[in-house]
Amino acid sequence: MLTRRLIVCLDMKGGRVVKGVQFEGLRDVGDPVELALRYEAEGADEITFLDISASHEERETLWEVVHRTAERLFIPLTVGGGVRTADDVGRALRAGADKVSMNSAAVAHPELLTACAERFGAQCVVASIDARREGNGWRVYTRGGRTPTDLDAVAWARECVKRGAGEVLLTSIDRDGARSGYDLDLTRAVAEAVDVPVIASGGAGNAEHVRAALTEGKADAALVAGILHDGLTTVGAIKTLLQGSGLRIRSVA
């Protein structure tokens, strides 16, 4: 049985960590380096930085933040937002990232996933998929959840893996920031469709929601953010519940 992972997501804008609901109503929650180190100390398995504005100036800030964080962080770091070319991926990896997630650029140029997997290895390539429920399925959105595409989320996840993605970061826009629980139907549908790890994102309100994503949703990892930033729970408390549920996870030191 694979060890399940608890990943803390730090959404960034202008070099600061922010949080909102359904990608809107953003509020400042702190310094990314300080928060990354704090969550590592609490027992997080990985950290994910997402530059949600992805403007040129803020991408410059992101690389500097990645470098400062990676120098002190001892758990895997994933970086995403504004990554448009294989050279951007290389720059992120040189700055200290272990993995790089791609969303809008991969939709516009699916061959980018293959190029990056061949150049850097599939283990570095994360396909980030933002999806909103529509009818009996889920539509893929790009550009921070603002632009709808013609892609079905499950079919697109399969395509991403076929093209070289080694992991899928799956975010439910409907549930993002709502703290009503992950979209288990969406998560399970994608997890059953691909043979690479799937990270559930969007909707964590408590530790039980995380457990459900890893069991009923069949995710390999769960992304959490706001409930930690607001002090509603801790990494340790979530992991204690997961261990008590019989899930194999890395123990908190």
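In this text the structure is predicted, and so the values were computed from the model without any measurement. (Residues numbered from 1 in each chain as written. Predicted model: local features only at pLDDT ≥ 70, side-chain atom pairs only at ≥ 80, totals over all residues. Heavy atoms only, no water.)

The next point concerns the environment of L73. Take L73: it is sitting in the loop between α2 (56-70) and β5 (77-80). Overall, L73 belongs to the buried group, its relative accessible area being 9%. As for L73 and A36, which are separated by 37 residues in sequence, their C-alpha atoms are 7.7 Å apart. The contacts of L73, once residues within four sequence positions are left out, are A36, L37, E40 and I47. (Helix = DSSP H or I, 4+ residues; strand = E, 2+ residues; numbered from the N terminus. Buried < 20%, exposed > 50% of the residue type's maximum accessible area, 1.4 Å probe, protein only. Contact = heavy atoms within 4.5 Å.)

Moving on to the nonpolar core. I47 and F49 are the most contacted members of the largest nonpolar core, which has 76 residues in total. Ranked by residues supplied to this core, first place goes to helix α6 (residues 153-162) with 6 residues. Not counting chain neighbours up to four residues away, the residues in contact with I47 comprise I7, V8, L10, A36, Y39, L73, I75, P76, L77 and T78. Of all hydrophobic cores here, the second largest spans 9 residues; its members include I199, A221, L223 and A225. (Core = buried A, V, L, I, M, F, W, Y, C linked by side-chain atoms within 4.5 Å.)

A separate point is the environment of D230. Here D230 shows up in the loop between α9 (226-229) and α10 (235-244). The partly exposed category is assigned to D230, whose relative accessible area is 34%. With 138 residues separating them along the chain, D230 and A92 place their C-alpha atoms 29 Å apart. Residue contacts for D230: discarding those within four places in its chain leaves R27 and R179. Within the structure, D230 has its side chain in polar contact with the side chain of R179 (distance 2.5 Å). (Polar contact = N/O pair within 3.5 Å; in protein donor to acceptor, adjacent residues only side chain to side chain.)

Tracing the chain through its elements places D220 in the loop between α8 (207-215) and β12 (221-224). Buried charge without a salt bridge: D220, with R4 as the nearest opposite-charge side chain at an N-O distance of 5.3 Å. Not counting the four nearest positions on each side in its chain, D220 is found in contact with L2, T3, R4, R5, V196, P197, V198 and L214. (Lys, Arg positive; Asp, Glu negative; His and termini not counted. Salt bridge = Lys/Arg side-chain N within 4 Å of Asp/Glu carboxyl O.)

How two helices sit against one another is set out by the angle between their axes and by the gap between those axes. Relative to each other, helix α3 (residues 86-95) and helix α5 (residues 111-120) sit at 45 degrees, their axes nearing to 9 Å. Considered as vectors, α3 and α5 are oriented oblique to each other. In this structure, the crossing between α3 and α5 has a hand that is right-handed. Residue-level contacts link A86, D87, V89, G90 and L93 of α3 to L112, C116, R119 and F120 of α5. (Axes fitted to C-alpha atoms, helices over the stretch in contact; angles between N-to-C directions. Parallel < 35°, antiparallel > 145°, perpendicular 65-115°, else oblique. Left-handed = near helix turned anticlockwise from the far one by under 90°.)

This part covers the pairing of strand β9 (residues 147-152). Note: strand β8 (residues 137-142) against β9, 3 bridges, orientation antiparallel. Bridged to T142 within β9 is T147. The turn linking β8 back onto β9 is made up of 4 residues, and R143 within it adopts a positive phi angle of 50 degrees. (Pairing = 2+ DSSP bridges.)

On to helix α1 (residues 32-42). Residues three or four positions apart in an α-helix share a direction because the helix packs 3.6 residues into each turn. By the burial criterion, the buried members of α1 are P32, V33, L35, A36, L37, Y39 and E40. For α1, the capping residue at the N-terminal end is D31, with a side-chain oxygen 3.2 Å from the backbone nitrogen of V33. Count one or two residues on from α1 and you reach G43, which has phi positive near 115 degrees.

In the numbering adopted here, UniProt assigns the feature "active site" (unreviewed entry) to D11 and D130. For the annotated residues, spread through 120 residues, the largest C-alpha to C-alpha distance comes to 14.1 Å, consistent with a single compact locus. The residue D11 is located in strand β1 (residues 5-13) in this model. Judged by its relative accessible area of 15%, D11 is buried. Residues contacting D11, with those up to four places away along its chain left out, are R16, V17, V18, K19, L50 and I52. For D130, the location among the structural elements is in strand β7 (residues 125-134). Look at D130 and you get buried, because its relative accessible area is 8%. A distance of 3.0 Å separates a polar atom in the side chain of D130 from a polar atom in the side chain of N103. (UniProt positions renumbered as here; feature names shortened; annotations may be inferred.)

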